[in-house]
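Close look at the chain arrangement
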Amino acid sequence: MVFRLAGKLVAAVLALLVGWGAAAQAGDLDPLPQPVKIRIAEDGAASGAGFYLAEALGYFKEYNIEVEWVSFINSDDMLPAIAAGQLDVAGGISSASLFNAVLQGFDVRIISDKGHAVDTGSYFTLVVRKDLAGQLKDYSDLKGLTVAYSAQDAVDHYMTFKALEAGGLGPEDVELVVIQDFAQMLAGLATGAIDVAMEIEPLITAGVEQGIIERFLDTSVYLPDAQVAVVLASPQFLANREVALRFMLAYLKGLRDFNDVFFHGVGDRDRVVQVMTEYTLLKEPEQWFKIQPPGLDPNGGVNVESLVDQYEFYKANGSLVGELDPRKVVDLSLAEEAVAILGPYVPGGSQGD
């Protein structure tokens, strides 16, 4: 939380310092003189809202940016493609693979938020089989149970272990299983093959409504403001500042529309929900107001200290090939410059005027 607030303060100061320029006075930048294609890797997750809204609502088009969507089976394949400039931008998570890629010379950078826990809850949290729900009151009650998460040495592995730690437990006190597919995880809970899982929306809400699971103590209880997902960028993309800055302006406009609707109850609710049903796996419009939406910082801020803690977990787990300062993997200068142009987020404020 401290870094998010600091980022907003820096952005406000920058706005005062550079706001006298012609573009800043207009609250925006002119389009690129020629169309530029940007390749974005995203998998249809709700946390990709900034990308989807920027595309569907015409914010990328305003800057003469064309988007080509790319999909990858896993982030291990995606990271080399970003580093090589075959991808420009990608939605990703903190993982040992990300830090190892940087250690091995892949100059990938985290440039913005793509999902974090908020005070009202996390979209990525522990759930429990419904028949066990009444027996589990605290994290210590997880002892002896079968607990699932989706990826070794990635953010949900970290969050699962931190939940055990909050209950005074260690990995030896539970049976841990890795189930890569979240839908299969929900099926395992339904059959009783597993007891507890680190599950993601909208499957959490679907499982609750089907009577399969109940939410357990939320991730935000023991990891407030935890950083879950991030926007990654290639070095080649970042080197073209004129394009990269316009991408960030469009992305922040999308994030602000999302925050308006889902956290402040203002804005064009029907249009935003229509876009989210088009681009994600959650196709029923009314369900969007039952799920816990991902936290998406409308100023693009990232909880750097949360990422540092995750790095330390991977390091202690023996998953890294060397050592680095994880803070150097984060570059929020684009987001800060974009906020200096647009102004800090105000709920219900017009985008870029």
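These remarks concern the structure in this document.

Definitions and limits used
Residues numbered from 1 in each chain as written. Predicted model: local features only at pLDDT ≥ 70, side-chain atom pairs only at ≥ 80, totals over all residues. Heavy atoms only, no water. Buried < 20%, exposed > 50% of the residue type's maximum accessible area, 1.4 Å probe, protein only. Helix = DSSP H or I, 4+ residues; strand = E, 2+ residues; numbered from the N terminus. Arc of directions from axis to C-beta. Polar contact = N/O pair within 3.5 Å; in protein donor to acceptor, adjacent residues only side chain to side chain. Axes fitted to C-alpha atoms, helices over the stretch in contact; angles between N-to-C directions. Parallel < 35°, antiparallel > 145°, perpendicular 65-115°, else oblique. Contact = heavy atoms within 4.5 Å. Nonpolar A, V, L, I, M, F, W, Y, C, P; charged D, E, K, R; others polar. Phe/Tyr/Trp six-rings, centres within 6.5 Å; stacked < 30°, edge-to-face > 60°. Pairing = 2+ DSSP bridges. Expected span 1.5 Å × (residues − 1).

1. Topic: helix 8 (residues 182-191)
When we look at burial in helix 8, the residues that qualify are Phe-182, Met-185, Leu-186, Gly-188 and Leu-189. Within helix 8, the buried residues cover an arc of 155° as seen down the axis, which keeps them to one side. Along helix 8, exposed side chains directed more than 90 degrees from the buried face belong to Gln-184 and Thr-191. The N-cap of helix 8, judged by a side-chain oxygen 2.9 Å from the amide nitrogen of Ala-183 a few residues on, is Asp-181.

2. As for the packing of helix 7 (residues 155-166) against helix 14 (residues 304-316)
Angle between the axes and distance between the axes are the two parameters that describe a pair of packed helices. At their nearest, the axes of helix 7 and helix 14 sit 10 Å apart, and the two run at 85° to each other. By the angle class used here, helix 7 and helix 14 are roughly perpendicular. Of the residues in helix 14, those touching helix 7 at Val-155, His-157, Tyr-158, Phe-161 and Lys-162 are Ser-306, Asp-309, Gln-310, Phe-313 and Tyr-314. Class assignment for the residues of the contact of helix 7 with helix 14 results in five nonpolar, three polar and two charged.

3. Topic: the packing of aromatic side chains
Applying the stated rule across the entire model yields 20 aromatic pairs. Consider the rings of Phe-51 and Phe-247, whose centres lie 6.4 Å apart with planes at 35°: the pair is tilted. Linking Phe-51 in helix 3 (residues 49-56) with Phe-247 in helix 12 (residues 241-264), this pair joins segments that are 196 residues apart in sequence. Like Phe-247, Phe-51 is buried. Judged by centre distance (5.6 Å) and plane angle (85°), the ring pair of Tyr-139 and Phe-216 falls under edge-to-face.

4. Some details on the sheet that holds strand 2 (residues 65-70)
One open sheet accounts for five strands, arranged 2-1-3-10-4; its pairing is mixed. The open sheet is flanked by strand 2 and strand 4 (109-113), the only strands paired with a single partner. Each neighbouring strand pair of the sheet contributes to a mean axis angle of 30°, computed without reference to strand direction. Pairing of strand 1 (residues 36-41) with strand 2, which is carried by six bridges, proceeds in the parallel orientation. Its bridge partner lying in strand 2, Val-36 is registered against Ile-65.

5. What about helix 12?
End to end, helix 12 covers 32 Å across 24 residues, agreeing with the expected 34 Å (1.5 Å per residue, within 8%). Of all 24 residues that make up helix 12, 20 are buried, and the element is covered over most of its length.

6. Quick notes on the sheet that holds strand 5 (residues 124-129)
The five strands are arranged 7-6-8-5-9 in an open sheet whose pairing can be described as mixed. Single-partner strands in this sheet number two, and they are strand 7 (175-178) and strand 9 (213-215). The sheet shows a mean angle of 35° between the axes of neighbouring strands, direction not considered. Sheet analysis places strand 6 (residues 146-149) next to strand 8 (residues 196-200), joined by two bridges and oriented parallel. Looking across to strand 8, one finds that Val-147 is bridged to Val-196. Running at roughly 145° to strand 8, helix 8 makes contact with strand 5, strand 6, strand 8 and strand 9 of the sheet.

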